[in-house]
Amino acid sequence: MRSVDNRTVARYTMVVIGLVLATTLLLLLVYQTRQVLTWIVIAVFFAVALHPAASWVERRVVRRRRWLATLLVFLLAFAFIGALIAVFVVPLAREGAQLADDLPKLITDVRAGRGPLGGLAERFHVLDYLRSHAEQLRGYASGLGAPTLVVLRGAATSVAAAVTIFVLAYLMVLEANKVVDGFLALFDPRRAERIRRVGHDCAKTVTGYLTGNLLISVICGLLTYAVLAVLGVPFAGLIALFVGLVDLIPLVGATLGAVVGIAAAFTQSVTAGIVVIVFFVVYQQAENHLLQPLIFARTVKLNPLAVLLAILIGVDLAGILGALLAIPIAGIIQIIARDLRDTHRSRLTADTEYPPVSYVDDLDSSDHAAQLPRHPAAGEAAPAR
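On a predicted model such as this, the values are computed, not experimentally measured, just so you know.

Asks: Can you help me understand the overall build of the protein chain in this one?
Replies: Counting its secondary structure elements, the protein chain contains 14 helices and zero strands. Secondary structure elements in the protein chain, listed N-terminal to C-terminal, are α-α-α-α-α-α-α-α-α-α-α-α-α-α. By residue count, 25% of the 385 residues in the protein chain fall in the buried class. The contacts of the protein chain with a sequence gap of at least 6 include a subset with a gap of at least 24, amounting to 65%.

Have a look at this one:
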């Protein structure tokens with residue numbers, strides 16, 4: 001008996017050790033491939049966002065040609081992104097050339113204390129700081145050429161990431177129907193329909209968040225450019241591009257962009273700075289209370305506390321990428337939790353309305369036996385009727 005117990009303990013011990021080793025190896029594999037996994041996650045979100053458009057084009061335009069529908073959707077997406085880049089790149093290139101031409105004059109004005117930059121430099125004693133730390137600044141400047149290889153490697157990695165994400169997203173959209181149908185075929189029809197419904201709601205959440213957040217950022221960038229251009233603030237396109245990009249970050253993005261825009265406006269004049277402050281205060285109130293509720297109300301239904309907690313956890317786990325993906329992931333978790341709650345409630349309701357009936361326990365055995373027809377045993381005559 002004791003030998004049997006020892007064998008059971010040894011077997012369980014080996015199982016636990018195997019599970020611990022398998023979990024450790026899995027975590028090590030995830031850590032070693034974290035960059036590729038990040039690309040896959042980004043590609044999944046892009047694929048989920050573009051899948052409804054590809055399905056619509058397949059049904060209405062190209063008549064069951066999935067590859068052509070996917071190609072058209074991706075071409076339209078690239079055209080849209082190219083149009084946005086052109087809107088910002090044209091003024092950005094013009095202002096970059098102007099900055100290169102005006103840079104010697106700006107340096108001369110700063111040294112002489114003339115102009116808005118010179119006045120600010122003189123007021124905050126920037127020139128005195130530069131003179132007193134000249135040797136340190138020269139050391140920093142001489143070290144700037146050292147990480148050139150690191151910068152080139154980062155640029156090559158970014159290009160490889162963009163191409164990989166594009167190819168992955170394209171193949172995911174192209175093969176989405178086959179993959180989903182093959183996965184749902186593993187379950188019974190009732191459970192497969194439930195999984196399909198929950199997946200559809202999760203996809204709507206991701207699509208609504210991505211498109212809505214991009215639309216809000218475009219509106220923010222265009223309005224910022226219009227205000228800065230009217231006030232004559234230099235490099236309005238560059239500042240508006242930065243404001244639009246950081247506005248993609250929930251909660252803190254608009255504030256970061258506002259700080260840069262206000263600082264640039266004050267270099268033009270005090271009046272311009274005050275006007276830009278008023279603009280950003282009004283716009284952030286409109287974005288928080290009008291744009292975001294209007295766009296996100298029917299897609300990502302999260303209360304402000306859940307949004308804040310999701311963003312904080314996402315930032316701590318994955319930085320800016322975590323902040324961008326925190327809200328749709330929280331929305332997906334909420335949809336799954338709601339489905340589990342509704343399923344549990346429906347089961348409880350069904351058990352309450354239709355309680356299980358016990359035909360043996362509820363009836364007296366003798367009375368029940370008397371009511372049942374009696375069949376004659378072998379060799380016994382049937383009772384007369």
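Asks: Any chance you could explain the packing of aromatic side chains here in plain terms?
Replies: For any pair of aromatic rings, the description rests on two quantities: the centre-to-centre distance and the angle between the ring planes. Taken as a whole and judged by the stated rule, the model has seven aromatic pairs. When the ring of F183 is compared with that of F187, the centres are 5.3 Å apart and the planes differ by 70 degrees; the resulting orientation is edge-to-face. Here the aromatic residues F74, F78, F166 and Y170 are joined through ring pairs into a cluster of three or more. The ring of Y31 carries R34 above its face, with NZ or CZ at 4.2 Å from the centroid.

Asks: Sorry, what's going on with helix α2 (residues 34-60) here?
Replies: One full turn of an α-helix is made of 3.6 residues, so residues set three or four places apart face in the same direction. An ideal rise of 1.5 Å per residue puts 39 Å on 27 residues; α2 measures up with 39 Å between its terminal C-alpha atoms. Of all bends in α2, the biggest is about 35 degrees, found at L50, and the proline P52 comes one to four residues later. Here α2 has its buried residues at W39, I42, A43, F45, A47, A49, L50, A54, S55, V57 and E58.

Asks: Help me out: how do you make sense of the environment of L256 in this one?
Replies: Within the secondary structure layout, L256 lies in helix α11 (residues 253-268). We classify L256 as partly exposed; its relative accessible area is 45%. As a C-alpha pair, L256 and V243 span 13 residues in sequence and 7.7 Å in three-dimensional space.

Asks: Any chance you could explain the nonpolar core here in plain terms?
Replies: Nonpolar side chains in soluble globular proteins tend to be buried together. In this structure, L228, V233, I239, V276, F280 and Y283 are the most contacted members of the largest nonpolar core, which totals 17 residues. Looking at this core, the elements that each hand over two or more residues are α9 (189-231), α10 (236-246), α11 and α12 (270-296). Per element, the largest residue contribution to this core is six residues, and it comes from α12. Excluding anything up to four places from it in sequence, Y283 contacts I216, I219, C220, L223, D247 and L291. I42, I165, A169 and V173 belong to the second-largest nonpolar core, a separate cluster that totals 16 residues.

Cut-offs applied
Residues numbered from 1 in each chain as written. Predicted model: local features only at pLDDT ≥ 70, side-chain atom pairs only at ≥ 80, totals over all residues. Heavy atoms only, no water. Helix = DSSP H or I, 4+ residues; strand = E, 2+ residues; numbered from the N terminus. Buried < 20%, exposed > 50% of the residue type's maximum accessible area, 1.4 Å probe, protein only. Contact = heavy atoms within 4.5 Å. Phe/Tyr/Trp six-rings, centres within 6.5 Å; stacked < 30°, edge-to-face > 60°. Lys NZ or Arg CZ within 6 Å of the ring centre and 35° of its normal. Expected span 1.5 Å × (residues − 1). Bend = angle between axes of the 7 residues up to and from the residue. Core = buried A, V, L, I, M, F, W, Y, C linked by side-chain atoms within 4.5 Å.

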